[in-house]
Amino acid sequence: MDSGLSGPGITPLPQTTEFDVTEISNYITRVLHQLDTQDAYGIFAGVRQPGGPVAPTFIFGLPRSNLGEIVLPPSPNNLPIWVRNDCILSTNELETAWAMDPVADVQELTLQACSVGIETHCVSGALAGLSVCSPSTIEVTGRLKGLLRYTTLCPSTDRLHITRARETEAQALLERFRFHDHASGISILDPRNQGQLKTGILSGGNLGVIVASHFGTHSDLLYQYDQELRRGLLPHFSAKVSWLTRIDWSIFTCNLDRCGGNIYQGDRISEIGDLYPGAKVEKIGRSTGRTRGEVNRTMLQHWDNGAATYEIAIIGPAGETFADKGDSGGCVFVNQDGTYKAAGLLIGKTQESNITFATPLRLILQTAGDYEWA
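Residues numbered from 1 in each chain as written. Predicted model: local features only at pLDDT ≥ 70, side-chain atom pairs only at ≥ 80, totals over all residues. Heavy atoms only, no water.

Asker: Which residues make up the overall build of the protein, and what values go with them?
Answerer: A tally of helices and strands in the protein yields six helices and 20 strands. In the protein, which comprises 374 residues, the proportion classed as buried is 52%. Residue pairs at least 24 apart in sequence account for 68% of intrachain contacts in the protein once pairs closer than 6 positions are excluded. In the form shown here, the protein has an accessible surface area of approximately 16700 Å², with 47% of it arising from carbon and sulfur atoms. (Helix = DSSP H or I, 4+ residues; strand = E, 2+ residues; numbered from the N terminus. Buried < 20%, exposed > 50% of the residue type's maximum accessible area, 1.4 Å probe, protein only. Contact = heavy atoms within 4.5 Å. Areas by Shrake-Rupley, 256 points an atom, 1.4 Å probe, with all protein chains shown as cover.)

Printed below as a string of structure tokens:
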């Protein structure tokens with residue numbers, strides 16, 4: 001998604017009893033079943049035309065390849081429908097990059113006395129005992145690739161010209177990070193072996209090893225979470241027992257010299273908060289830094305391998321994005337009574353709008369066995 005949106009803006013709807021949440025949800029689910037395509041999503045939010053009022057609107061995002069003439073069933077109360085050239089980015093495009101010696105760019109939350117971290121996404125093959133490194137292979141190898149043609153590390157047939165600053169940075173990358181021989185990597189002249197060509201990737205420093213991971217869809221988790229919101233007298237989503245949600249996490253040990261604990265805005269985060277409709281939230285992400293948003297009053301539903309999963313949607317301010325590529329795994333905070341609390345982890349976003357989705361931290365810990373918040 002671009003950081004600056006043009007045209008209509010998507011905004012959260014104010015709290016109101018005008019719309020039946022169950023009727024809204026059932027309609028979105030019905031349309032997703034009709035569309036029957038992977039990577040689609042549906043949400044009920046406000047759409048503001050430049051200079052105009054906010055109009056409650058059904059918004060459906062579809063992959064471009066599936067956009068044809070679409071005839072949808074009449075919406076409740078004839079509310080407007082907006083079909084976008086949009087879809088949810090797949091997790092392997094979004095964020096965490098793994099390679100030899102599984103390598104991840106990690107924004108971790110700390111569990112159990114600052115000795116264990118938690119991160120999304122769980123990646124296929126992320127078995128217990130594998131090492132976790134930072135920064136990601138994609139990030140650090142990509143940086144070297146961008147410098148290469150201006151350095152003595154580049155074969156003369158591809159070299160443009162030598163630039164001192166880029167030469168210095170490229171050499172520093174090789175000294176700081178570990179080089180792995182790998183056929184899918186980049187080719188450089190080995191400065192330690194008479195300029196022999198070698199091909200490989202770079203990885204960052206070791207953080208620890210994976211001790212647990214989980215990926216899958218679960219029913220009734222969001223329903224139970226919704227009941228907790230009701231008991232806490234917080235706004236709720238009216239979730240159903242049958243709703244599926246995706247749980248996607250890895251837990252890894254942390255080297256204490258690489259882990260600073262749970263600190264946000266200079267304060268230690270010692271409590272868990274909740275993502276509830278209308279909650280004002282903030283996050284820190286690798287790509288976009290600190291941003292603010294608001295939890296939408298209907299959960300985002302997206303079509304995931306033939307089944308609609310329900311995720312909690314966060315909408316950024318009009319014209320801004322709440323999160324972007326590289327931010328996945330970042331913590332979402334709520335400010336309750338002047339205290340920041342950790343409420344969720346970013347898990348994905350839509351391509352061309354300011355919609356991001358997150359998993360409540362309580363749901364992650366509920367599926368994480370013996371691990372507890374530090």
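Having put the structure on the table, let's press on.
Asker: Give a detailed account of helix α3 (residues 137-148), specifying residues and quantitative values.
Answerer: Spanning 12 residues, α3 covers 16 Å between terminal C-alpha atoms, matching the ideal 16 Å at 1.5 Å per step. In this structure, the buried side of α3 is in contact with α4 (164-176), β8 (178-189) and β9 (197-203). (Expected span 1.5 Å × (residues − 1).)

Asker: Account for a nonpolar patch on the surface, with residues named and values stated.
Answerer: On the surface, Ile70, Ile81 and Val83 cluster together to form a nonpolar patch covering roughly 180 Å² of accessible area. When you line up the elements, Val83 lands in strand β4 (residues 81-85). (Patch = residues over 30% accessible without salt bridge, like charges linked within 9 Å, V, L, I, M, F, W, Y side chains within 5 Å. Salt bridge = Lys/Arg side-chain N within 4 Å of Asp/Glu carboxyl O.)

Asker: Give a detailed account of the nonpolar core, specifying residues and quantitative values.
Answerer: Counting residues in hydrophobic clusters, the biggest one holds 42 residues, and the most contacted among them are Leu275, Val281, Val295, Met299 and Val332. Residue assignment for this core shows that the elements contributing at least two residues are α5 (221-231), β11 (244-253), β17 (307-315), β18 (331-336), β19 (339-349) and α6 (361-366). Sort the elements by how many residues they give to this core and β19 lands first, with five residues. Those residues within four positions of Val332 in sequence are excluded, and the remaining contacts are Leu275, Val281, Glu282, Lys283, Ile314, Phe322, Lys341, Ala342, Ala343, Gly344, Leu346 and Ala358. Residues Leu13, Phe19, Ile28 and Phe60 belong to the second largest nonpolar core, which totals 17 residues. (Core = buried A, V, L, I, M, F, W, Y, C linked by side-chain atoms within 4.5 Å.)

Asker: Explain unusual backbone geometry to me, and be specific about the residues and the numbers.
Answerer: Here the phi dihedral of Asn78 falls at roughly 55°; this positive angle occurs in a residue that is not glycine. Residue placement: Asn78 occurs in the loop between β3 (54-62) and β4. The phi dihedral of Asp337 falls on the positive side, at around 60°, and the residue is not glycine. Inspection of the secondary structure assignment puts Asp337 in the loop between β18 and β19.

Asker: Before we move on, could you go through the pairing of β11 and cite the residues and values that matter?
Answerer: The buried fraction of β11 is high, at eight of 10 residues. Here strand β10 (residues 205-219) pairs with β11 via nine bridges, running antiparallel. Directly across from Gly216, in β11, lies its bridge partner Ile247. (Pairing = 2+ DSSP bridges.)

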